[in-house]
Amino acid sequence: MAYNTKAIKTDVNAKPIPQLYNPVTDEYEVLQGTGGAARQVLYGPDGQPISTTEGKLAVRASEVETALENLLNGQSTAAKQDALTALVGALDATAVSDPAASGAVIALLKGVLSRLQAVEGKIDGITDGTTPATTQLKGSLVAYDSEHGAFKTVNASLLHESFDFKHKKEVTVSPGSYLVDTFRPTNGYAMLRIITKRIGAAHNWRLCANWSSDGTQVYQVVEKLHTATSGDADTQTAKIVTPVGSQWVMLQLFNDDTVSSHDYHVHVMLTAA
Amino acid sequence: VFDFATLSRVADEALAESYVKNPYAGKNGDEWIEGGTSIQFLNDKFGQYSTAQEMIDAAEDEGLKMYFAWLKEQGKLP
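Residues numbered from 1 in each chain as written. Chains lettered and ligands numbered in written order. Predicted model: local features only at pLDDT ≥ 70, side-chain atom pairs only at ≥ 80, totals over all residues. Heavy atoms only, no water.

Considerations on the overall build of chain B
So the rule is basically this: Segments assigned H or I by DSSP are reported as helices when at least four residues long, segments assigned E as strands when at least two residues long, and all are numbered from the N terminus. Buried residues are those whose accessible area, probed at 1.4 Å on protein chains only, stays under 20% of the maximum for their type, while exposed residues exceed 50% and partly exposed ones sit between those limits. Any two residues whose heavy atoms approach within 4.5 Å are treated as being in contact. The Shrake-Rupley method, run with a 1.4 Å probe sphere, supplies the accessible areas, and residue values consider only the shown protein chains as cover.
Scanning chain B from N- to C-terminus turns up 3 helices and 2 strands. Traced from its N-terminal end to its C-terminal end, chain B shows the element sequence β-β-α-α-α. By residue count, 47% of the 78 residues in chain B fall in the buried class. The contacts of chain B with a sequence gap of at least 6 include a subset with a gap of at least 24, amounting to 43%. Carbon and sulfur atoms make up 44% of the accessible area of chain B, which totals about 4100 Å².

What about the pattern of salt bridges?
Defined as follows: Basic side-chain nitrogens of Lys or Arg form a salt bridge, by our definition, when they fall within 4 Å of a carboxyl oxygen of Asp or Glu.
Tallied over the full model, the rule gives 2 salt bridges over all chains. D26 of chain A is the partner of K6 of chain A in a salt bridge, and the nearest nitrogen-oxygen pair spans 3.6 Å. Here K6 of chain A, found in the segment before β1 (19-22), pairs with D26 of chain A, found in the loop between β1 and β2 (27-30); they are 20 residues apart in sequence, far enough to count as distant. A relative accessible area of 27% places K6 of chain A in the partly exposed class. On the accessibility criterion, D26 of chain A (14% relative accessible area) is buried. Linking K27 of chain B and E62 of chain B is a salt bridge whose minimum nitrogen-to-oxygen distance equals 3.4 Å. Within this pair, whereas K27 of chain B is found in strand β1 (residues 19-28), its partner E62 of chain B is found in helix α3 (residues 62-73), the two being separated by 35 residues in sequence.

Topic: the environment of P175 of chain A
Topologically, P175 of chain A is positioned in the loop between β10 (171-173) and β11 (177-183). P175 of chain A sits 86 residues away from S261 of chain A along the chain, and the two C-alpha atoms are 4.9 Å apart. Each residue touching P175 of chain A, except ones within four places of it in the same chain, is listed here: N255, D257, T258, V259, S260 and S261 of chain A together with T37, F41, D61 and L64 of chain B.

A word on unusual backbone geometry
Residue and element names in this part refer to chain A. Here the phi dihedral of A14 falls at roughly 65 degrees; this positive angle occurs in a residue that is not glycine. In this structure, A14 sits in the segment before β1. Backbone geometry places D26, a non-glycine residue, at a positive phi of 60 degrees.

Here's the deal with helix α1 (residues 39-46) of chain B
Residue and element names in this part refer to chain B. Operational definition: Along the arc lie the directions from the helix axis toward the C-beta atoms.
Regarding α1, the residues found buried are I39, F41, L42 and F46. One face of α1 carries all of its buried residues, which in axial projection span an arc of 160 degrees. Turned more than 90 degrees away from the buried face of α1 sit Q40 and D44, all of them exposed. Each element contacted by the buried residues of α1 is listed here: β1, β2 (31-38), α2 (52-58) and α3.

Quick look at the nonpolar core
Residue and element names in this part refer to chain B. So the rule is basically this: In this text, buried Ala, Val, Leu, Ile, Met, Phe, Trp, Tyr and Cys residues form a nonpolar core when linked through side-chain atoms within 4.5 Å.
Ranked by size, the top nonpolar core spans 19 residues in total, and within it F4, L42, F46, Y67, F68 and L71 carry the most contacts. At the level of secondary structure, the elements contributing two or more residues to this core comprise β1, α1, α2 and α3. Element by element, the count of residues in this core is highest for α3, at 5 residues. Excluding residues within four positions of it along the chain, L42 makes contact with F4, V20, T37, G47, L64, Y67 and F68.

Thoughts on the confidence of the model for chain A
Basically, it comes down to this: As a per-residue quantity, pLDDT reports the predictor's confidence and falls between 0 and 100.
Of all residues in chain A, 62% have pLDDT values of 70 or greater, and the mean over the chain is 73. Every residue in residues 137-142 of chain A scores below 50 in pLDDT, and together they form 10 contacts with partners more than four places removed in sequence or on other chains.

A short note on the side chain of T37 of chain B
Checked against the element boundaries, T37 of chain B lands in strand β2. By relative accessible area, T37 of chain B is classed as buried at 0%. Setting aside anything within four residues of it in sequence, one finds T37 of chain B in contact with P175, G176 and S177 of chain A together with S18, Y19, V20, N22, L42 and L64 of chain B.

Quick notes on the interface of chain A and chain B
Rules: A 1.4 Å probe defines the accessible area here, and the buried area is the portion of it lost by two parts on being joined, summed over both. The term polar contact refers here to a pair of N or O atoms within 3.5 Å; inside protein, the definition further demands a hydrogen-donor-capable atom paired with an acceptor-capable atom, and it admits residues adjacent in sequence only when both atoms are side-chain atoms. Residues are grouped as follows: Ala, Val, Leu, Ile, Met, Phe, Trp, Tyr, Cys and Pro are nonpolar; Asp, Glu, Lys and Arg are charged; all remaining types, including Gly, are polar.
Opposite the 20 residues of chain A that make contact, chain B presents 22 residues. Between chain A and chain B, a total of about 1500 Å² is buried, with carbon and sulfur atoms accounting for 52% of that surface. Between the two partners, chain A and chain B, sit 0 salt bridges. At the surface where chain A touches chain B, the tally comes to 7 residue pairs in polar contact (both at pLDDT 80 or more). Sorting the residues of the side of chain A that touches chain B by element identifies β10, β11 and β16 (248-255) of chain A as the ones contributing at least two each. Tallied by class, the residues present in the side of chain A that touches chain B amount to 9 nonpolar, 7 polar and 4 charged.

Some details on the pairing of β2 of chain A
Residue and element names in this part refer to chain A. Stated formally: Strand pairing is defined by DSSP finding a minimum of two bridges between the two strands.
Here 4 bridges tie β1 to β2, and the two strands are oriented antiparallel to one another. Bridging across to β2, L20 finds its partner in E29. Joining the antiparallel neighbours β1 and β2 is a turn of 4 residues, in which D26 adopts a positive phi near 60 degrees.

Overview of a nonpolar patch on the surface
All names here are of chain A. Defined as follows: Each patch is built from residues that are more than 30% exposed by relative accessible area and take part in no salt bridge. Like charges join if they lie within 9 Å; nonpolar side chains (Val, Leu, Ile, Met, Phe, Trp, Tyr) join within 5 Å.
Nonpolar side chains collect at one region of the surface, where V64, L68, L71 and L72 lie side by side and expose about 370 Å² of accessible area between them. As for its position among the elements, L68 is in helix α1 (residues 61-75). Residue class for L68 comes out partly exposed when judged on its relative accessible area of 43%.

Right under this line is the structure:
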């Protein structure tokens, strides 16, 4: 059908109204608009109407929206802008409003740099060996006391020389026999470390420790520290942890060999901790 | 034949059953140290002898020789 085959729209007074012909519906339709303007349709160079998405022109709408979203939500939030403003303000106050303070900050940075360079030089000296670091080991057996022929620790001292009352005068124990040594260490110690050394050929021997905690020589606890067999030939060590307040210690050195006498060193170390 | 279990025991109660008192059990330099000697050891090695001299002659250890001589002085051994 054609527009001239259809009647136009009229108002209540039978007067024509603003209208347009819709070839799809083959009818005249009321011309509608907003704000005093009629609705319009934009056409592109290809003669096709330019579409809209949610009321917006679809021309690169998605790309523009993505860029705007990144800008608004990720890189330019109000909080970040406030933070930047504050930093700028601080820099301005320090460097411009207070030049003296700015100089102090620069001087401080220079001082830090200088000290870093000094530390770097010292580390280089340690690593290349020109200026070795002075170090000290603590907390374990680290030194050998050549005077007493015993190992010592930083926090321990030689408390007693059982069965070896003078340096390098080792005691001899007859076969099948034992010796006993009783001593009273400083009260309040926490640990006694017993170091023994047998001199001469390997054989069977034992060292036992007894201690008393009540101030008398009635020994309450007996603990065998070490039993050496014929295969043991070097210095033997053992330790006991004494009860707090122990006041007497008794050591018993047994020569269980039935052939000949043997020589020994026995040292008692006090560990303070 | 001699039984060393008849001799004086050491003061330590825990060892008195097995050890007899021996003033020459050990030596520190030139100084003798008192201790104990195993009864079983003495009986096994020297129990077959009846006199101190026989035991001294059989002993190789200086401390044991001194011990047997001391027992003779004490009247414990003929």
